[in-house]
Amino acid sequence: MDGLDIPTKFDLGYAESNVCFSITDCSLKKYSFWCLNKQQAETLLKRLKHIEKLTWSQFINLSRQDGVTPEKNDTPNFIMIHEENTSPDKMVEQYYFHFRIEKRGLFRVFGYQKKQFFCITHIDPNGKINH
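Because the structure is predicted, anything quoted here is derived from the model rather than measured.

### Let's talk about the pairing of strand S3 (residues 96–100)
Next, step 1: For S3, a buried count of 5 out of 5 residues is recorded, marking the element as mostly surrounded by other parts of the structure.
Next, step 2: Neither face of S3 is exposed, since Tyr-96, His-98 and Arg-100 on one face and Phe-97 and Phe-99 on the opposite face are all buried.
Next, step 3: Relative to S3, strand S2 (residues 68–70) runs antiparallel, the two sharing 3 bridges. By the bridge assignment for S3, Val-68 is matched with Phe-99.

### Looking at the pattern of salt bridges
Next, step 1: Applying the stated rule across the entire model yields 2 salt bridges.
Next, step 2: Notably, a salt bridge pairs Lys-103 with Asp-66, separated by 3.5 Å at the nearest N-O pair. Of the two residues, Lys-103 sits in the loop between S3 and strand S4 (108–114) while Asp-66 sits in the loop between helix H2 (56–60) and S2, which places them 37 residues apart along the sequence.
Next, step 3: When its relative accessible area of 52% is taken as the criterion, Lys-103 is described as exposed.

### Comments concerning the environment of Lys-72
Next, step 1: Along the chain, Lys-72 falls in the loop between S2 and helix H3 (76–84).
Next, step 2: Under the relative-accessibility criterion, Lys-72 is labelled exposed at 63%.
Next, step 3: The spatial distance from the C-alpha of Lys-72 to the C-alpha of Tyr-96 is 8.0 Å, given a sequence separation of 24 residues.

### So, the confidence of the model for the chain
Next, step 1: Predicted confidence across the chain gives a mean pLDDT of 86, with 91% of residues reaching 70 or more.
Next, step 2: Throughout residues 1–7 the model reports pLDDT below 50, and contacts reaching past four residues in sequence, or to other chains, amount to 3 contacts.

### Examining the sheet that holds strand S1 (residues 20–22)
Next, step 1: The sheet built from 5 strands is open, its strands ordered S1-S5-S4-S3-S2 with mixed pairing. Looking at the sheet topology across the chains shown, the edges are occupied by S1 and S2. Across this sheet, the average inter-strand angle for adjacent strands is 35°, counted without regard to direction.
Next, step 2: In the packing of helix H1 (residues 38–51) onto the sheet, the strands contacted are S1, S3, S4 and strand S5 (117–124), and the crossing angle to S3 comes to about 115°.
Next, step 3: Where H3 meets the sheet, its contacts fall on S3, S4 and S5, and the angle it forms with S4 comes to roughly 60°.

### So, the packing of aromatic side chains
Next, step 1: Here the structure, examined in full by the defined rule, presents 11 aromatic pairs.
Next, step 2: Ring plane angle 40° and centroid distance 6.0 Å describe the contact between Trp-56 and Phe-97, whose orientation is recorded as tilted. Taken together, the residues span a long stretch of sequence, with Trp-56 in helix H2 and Phe-97 in strand S3 at a distance of 41 residues. The residues Trp-56 and Phe-97 share a single accessibility class, namely buried.
Next, step 3: A ring pair is formed by Trp-56 and Phe-118, whose centres lie 6.3 Å apart and whose planes are at 15°; its orientation type is stacked. Separated by 62 residues along the polypeptide, Trp-56 in helix H2 and Phe-118 in strand S5 bring together distant segments of the chain. Just as Trp-56 is buried, Phe-118 falls in that class too.
Next, step 4: Three or more aromatic residues joined by ring pairs make a cluster, and in this case those are Phe-21, Trp-56, Phe-59, Phe-97, Phe-99 and Phe-118.

Rules of the game
- Position numbers for residues start from 1 in each chain and track the written sequence from start to end.
- Whole-chain, interface and lining totals are the exception, using all residues; otherwise, since this is a predicted model, local features are given only for residues with pLDDT of at least 70 and side-chain atom pairs are given and counted only at 80 or more.
- Calculated side-chain values reflect all of the structure's heavy atoms, with hydrogen atoms and water omitted.
- Only protein chains enter the calculation, and the probe is 1.4 Å; a residue is then buried if its accessible area is under 20% of its type maximum, exposed if over 50%, and partly exposed in between.
- Per the convention used, a helix needs a DSSP run of H or I reaching at least four residues, while a strand needs a run of E reaching at least two, with both numbered from the N terminus.
- Note on pairing: two strands pair once DSSP finds at least 2 bridges between them.
- Only one rule defines a salt bridge in this text: a Lys or Arg side-chain nitrogen within 4 Å of an Asp or Glu carboxyl oxygen.
- Across the chain, each position has a pLDDT score giving the predictor's confidence in that residue, from 0 to 100.
- Residue contacts are counted whenever heavy atoms from the two residues lie within 4.5 Å of one another.
- Where helices are involved, their axes are fitted lines through C-alpha atoms of the stretch in contact, as for all axes, and angles between N-to-C directions lie from 0 to 180°.
- Only the six-membered ring of Trp is used, alongside the rings of Phe and Tyr, when aromatic pairs are assigned; centres must lie within 6.5 Å, and planes under 30 degrees apart are stacked while those over 60 apart are edge-to-face, with the rest tilted.

As structure tokens, this is what we get:
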């Protein structure tokens, strides 16, 4: 079995750490926090506050509808996140994800895990980013 080609779902060293969000790597292009309207921003912040009560292990183990979806290597979403990743360890740590803000629809947040942080790179309230 060649498991080296499949990245771990998340950094197990932070399994019991609470998820913390960072927007320092968030794109300032068209998929950023600044492009949200007031209602979308409120919905996003409410969801992030809820997730920050969870550990990484709890967050990863939620259903796909409520939790994160790992991005596969060499997909458009993986490449998009990778381009915004400023971590010096980005060639080693490639824990790239997206998750839904609402159970229905395509309001999603994209980013990567860096220690206990979920570093947000893109916010897509209208489902316009490839998936």
